[in-house]
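Now for the letters of each chain:
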Amino acid sequence: MPRLTKRSTPLLAAALFAALGAACEAPAEKEGARTSPPVRTREAVAPVGLPGMPPLLDPRDVYAADRPGRLSPVVRDFPSRVYVPNANSNTVSVIDPATYEVVETIPVGVQPQHVVPSWDLKTLWVNNNRGHTLTPIDPATGVAGRPVDVHDPYNLYFTPNGRYAVVMASMDRELVFRDPHTMRTLKTTPVSCYGVNHADFSADGRYFIVSCEFSGELLKVDTESMEVIGQQRLPLGGAMPQDVKLSPDGRTFYVADMVADGMWVLDGDRFTTPNLLPTGKGCHGLYVSRDSREMYVTNRGEGSVSVFDFAQDRLTKKWRLPNGGSPDMGGVSADGRVLWLSGRYHSEVYAIDTATGEQLARIPVGSGPHGLAVYPQPGRYSLGHTGVFR
């Protein structure tokens, strides 16, 4: 690829942005779907992104491609399913969301932690952490393929340009950059913190923030050089950071913390000391609504979900599960109307109405359900985890 000059780069980015915006014109939305405009109103300029990264559809909203029903042609014919990795049962339970029933149980490797959609949307990778393998599942057929040897795959991400898969090797204390298709190792980046587990990328894709669960630290990693460029310890003894999520306007990272019982609010560009926003006991997972207005925050230790309003910059609601529970990881349905969450310590999955907070279903699954994936979902490509789409 020829090297871009300073003068040509903005012009090319602008041209690509305009072309892709025209090519990805949204289909008509279903009646009743929430399709509000982005929550922030400010002068917005599309950032010059990571080379090879599809430009943002809207520079004011990194999730603009994730509107209700806006499925890529790649996934449009895939059956709608919820894939639940059961870490203690070494299986994946497959739920039909139309009936709230388990329709299949797939044997996988030892201690599956997350089900991760690939960058190109064609494969679901089951992270068999202690089995040291990734099991591919074809979402078109639901058939599992031959496991691929990958050491310590606690979690899995993909760079925004699709060039690398990034394995969060938690116990190995490494970020392992691999070929996104074959999973062949391309570069290993050792880290000095303990328990690398979750991440999210900046709006321009040039860096990502990583949480270190067991040492209470955050890393800032340069995507191109694949090197750590910043590291800080959270300002709370015993902090245990978990899920990481970028705000729709790209200004702020939120980091769930199970010990702090809330979210750390971080300026990723400056990487200064973050502030804590309390949410509930055992704050764990973070999921943005289909209209980019709200974020659902799971409080695993108290069986609740907090709702954060981006425009108001505050928590507005708290939904408590009937008879308690342990809401952990999950995702939002393609139409945005149902939040699906695993019940980590209760061998069950919860379906929650995103309009009312009402529990729609409580579905028995295997032991230790963790990073479930709702699939397919809207979006042009996947950044990994249980489904972070842009």
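What you see is a predicted model; the values in this text were computed from it and never measured.

Parameters and conventions
- Residues numbered from 1 in each chain as written.
- Predicted model: local features only at pLDDT ≥ 70, side-chain atom pairs only at ≥ 80, totals over all residues.
- Heavy atoms only, no water.
- pLDDT = per-residue confidence, 0-100.
- Contact = heavy atoms within 4.5 Å.
- Helix = DSSP H or I, 4+ residues; strand = E, 2+ residues; numbered from the N terminus.
- Polar contact = N/O pair within 3.5 Å; in protein donor to acceptor, adjacent residues only side chain to side chain.
- Patch = residues over 30% accessible without salt bridge, like charges linked within 9 Å, V, L, I, M, F, W, Y side chains within 5 Å.
- Areas by Shrake-Rupley, 256 points an atom, 1.4 Å probe, with all protein chains shown as cover.
- Salt bridge = Lys/Arg side-chain N within 4 Å of Asp/Glu carboxyl O.
- Buried < 20%, exposed > 50% of the residue type's maximum accessible area, 1.4 Å probe, protein only.
- Pairing = 2+ DSSP bridges.
- Axes fitted to C-alpha atoms, helices over the stretch in contact; angles between N-to-C directions.
- Disulfide = S-S within 2.5 Å.
- Core = buried A, V, L, I, M, F, W, Y, C linked by side-chain atoms within 4.5 Å.

Peer 1: Just checking my understanding: could you explain the confidence of the model for the protein for this structure?
Peer 2: It should be kept in mind that the predicted coordinates are not to be read in detail where pLDDT is low. Considering every residue of the protein, the mean pLDDT works out to 91; 88% of them sit at 70 or more. Here residues 1–42 scores under 50 on pLDDT; set against residues more than four positions off or in separate chains, the count is 57 contacts.

Peer 1: Please explain the side chain of Thr 189 as it appears in this structure.
Peer 2: With respect to the element layout, Thr 189 can be found in strand E12 (residues 185–190). A distance of 2.7 Å separates the side chain of Thr 189 from the backbone oxygen of Met 226, its partner in a polar contact. Sequence-distant contacts of Thr 189, defined by excluding residues within four places in its chain, comprise Arg 173, Glu 174, Leu 175, Phe 177, Met 226, Glu 227 and Val 228.

Peer 1: Is there a simple way to think about a nonpolar patch on the surface in this case?
Peer 2: A contiguous nonpolar patch, built from Met 171, Tyr 194 and Phe 214 and spanning about 360 Å² of accessible area, is present on the exposed surface. Considering the arrangement of structural elements, one finds Met 171 in the loop between strand E10 (165–169) and strand E11 (174–178). Relative accessible area serves as the criterion here: at 56%, Met 171 is assigned to the exposed category.

Peer 1: When you look at the side chain of Asp 249 in this model, what are you seeing that I'm missing?
Peer 2: Locating Asp 249 in the fold gives a position in the loop between strand E17 (241–246) and strand E18 (253–257). A distance of 2.7 Å separates polar atoms of two side chains, one belonging to Asp 249 and the other to Ser 247. Engagement of the side chain of Asp 249 in a polar contact is seen with the backbone nitrogen of Arg 251, the distance being 2.9 Å.

Peer 1: What is the right way to look at the sheet that holds E18 in this model?
Peer 2: Backbone hydrogen bonds are what pair the strands of a sheet, in a parallel or an antiparallel way. Spatially, four strands are ordered E17-E18-E19-E20 in an open sheet, and the strand pairing comes out antiparallel. Since the sheet does not close on itself, it has two edges, and those belong to E17 and strand E20 (275–278), each with one partner. The mean inter-strand angle of the sheet, taken between neighbouring strand axes irrespective of direction, is 25°. Where strand E19 (residues 262–266) lies against E20, four bridges are found, and the strand directions are antiparallel. The residue of E20 that forms the bridge with Val 265 is Asn 275.

Peer 1: Explanation requested: the state of the cysteines in the structure shown.
Peer 2: Here a disulfide denotes one covalent bond, and it connects the sulfur atoms of two cysteines. Going through the model one piece at a time under the given rule, you end up with one disulfide. The side chain of Cys 193 participates in a disulfide bridge whose partner is Cys 212; the two sulfur atoms lie 2.1 Å from each other. Judged by the sign of its S-S torsion, about -50°, the cystine formed by Cys 193 and Cys 212 is left-handed. Within this pair, whereas Cys 193 is found in the loop between E12 and strand E13 (196–201), its partner Cys 212 is found in strand E14 (residues 207–212), the two being separated by 19 residues in sequence. Note on accessibility: Cys 193 and Cys 212 belong to one class, buried.

Peer 1: Teacher, can you tell me more about the pattern of salt bridges here?
Peer 2: Close approach of charged atoms allows side chains of opposite charge to pair. Taken as a whole, this structure holds 17 salt bridges when the rule is applied. Ionic pairing is found between Lys 187 and Glu 227, a salt bridge with its closest N-O pair at 2.6 Å. With a gap of 40 residues between them, Lys 187 in strand E12 and Glu 227 in strand E16 (residues 227–233) connect regions that are remote in the sequence. By relative accessible area, Glu 227 is classed as partly exposed at 36%. Residue Asp 200 is joined to Arg 390 by a salt bridge in which the shortest nitrogen-to-oxygen separation is 3.4 Å. Here Asp 200 is found in strand E13, whereas its partner Arg 390 is found in the segment after strand E29 (373–375), with 190 residues between them in sequence. On the basis of relative accessibility, which here comes to 0%, the residue Arg 390 falls in the buried class. Beyond isolated ion pairs, a larger network of salt bridges with shared partners links Arg 300, Asp 328 and Arg 344.

Peer 1: What exactly am I supposed to notice about unusual backbone geometry here?
Peer 2: Leaving glycine out, the prevailing phi sign among residues is negative, and the prevailing peptide bond configuration is trans. Residue Tyr 375 is joined to Pro 376 through a cis peptide bond whose omega torsion reads 0°. Mapping Pro 376 onto the fold places it in the segment after E29. Here the phi dihedral of Asp 152 falls at roughly 55°; this positive angle occurs in a residue that is not glycine. Tracing the backbone through its elements, the reader meets Asp 152 in the loop between strand E8 (148–149) and strand E9 (155–158). With phi around 55°, Phe 271 is a residue other than glycine that occupies positive phi space. Relative to the helices and strands, Phe 271 is located in the loop between E19 and E20.

Peer 1: Before we go on, may I ask you to explain the nonpolar core in this structure?
Peer 2: One broad rule of soluble globular proteins: the nonpolar side chains tend to lie buried together. One finds Ile 209, Phe 253, Tyr 254, Met 263, Leu 286 and Met 295 to be the most contacted residues of the largest nonpolar core, which totals 27 residues. Taken together, the elements giving at least two residues each to this core come down to E14, E17, E18, E19, strand E21 (283–288) and strand E22 (294–299). When residues in this core are grouped by element, the largest group, four residues, is from E18. The contacts of Tyr 254, once residues within four sequence positions are left out, are Asp 243, Val 244, Lys 245, Ser 247, Met 263, Trp 264, Val 265, Leu 286, Met 295, Phe 308, Phe 310 and Asp 313. Core analysis: the next-biggest nonpolar cluster, separate from the first, contains 22 residues, Val 166, Met 168, Phe 177 and Leu 383 among them.

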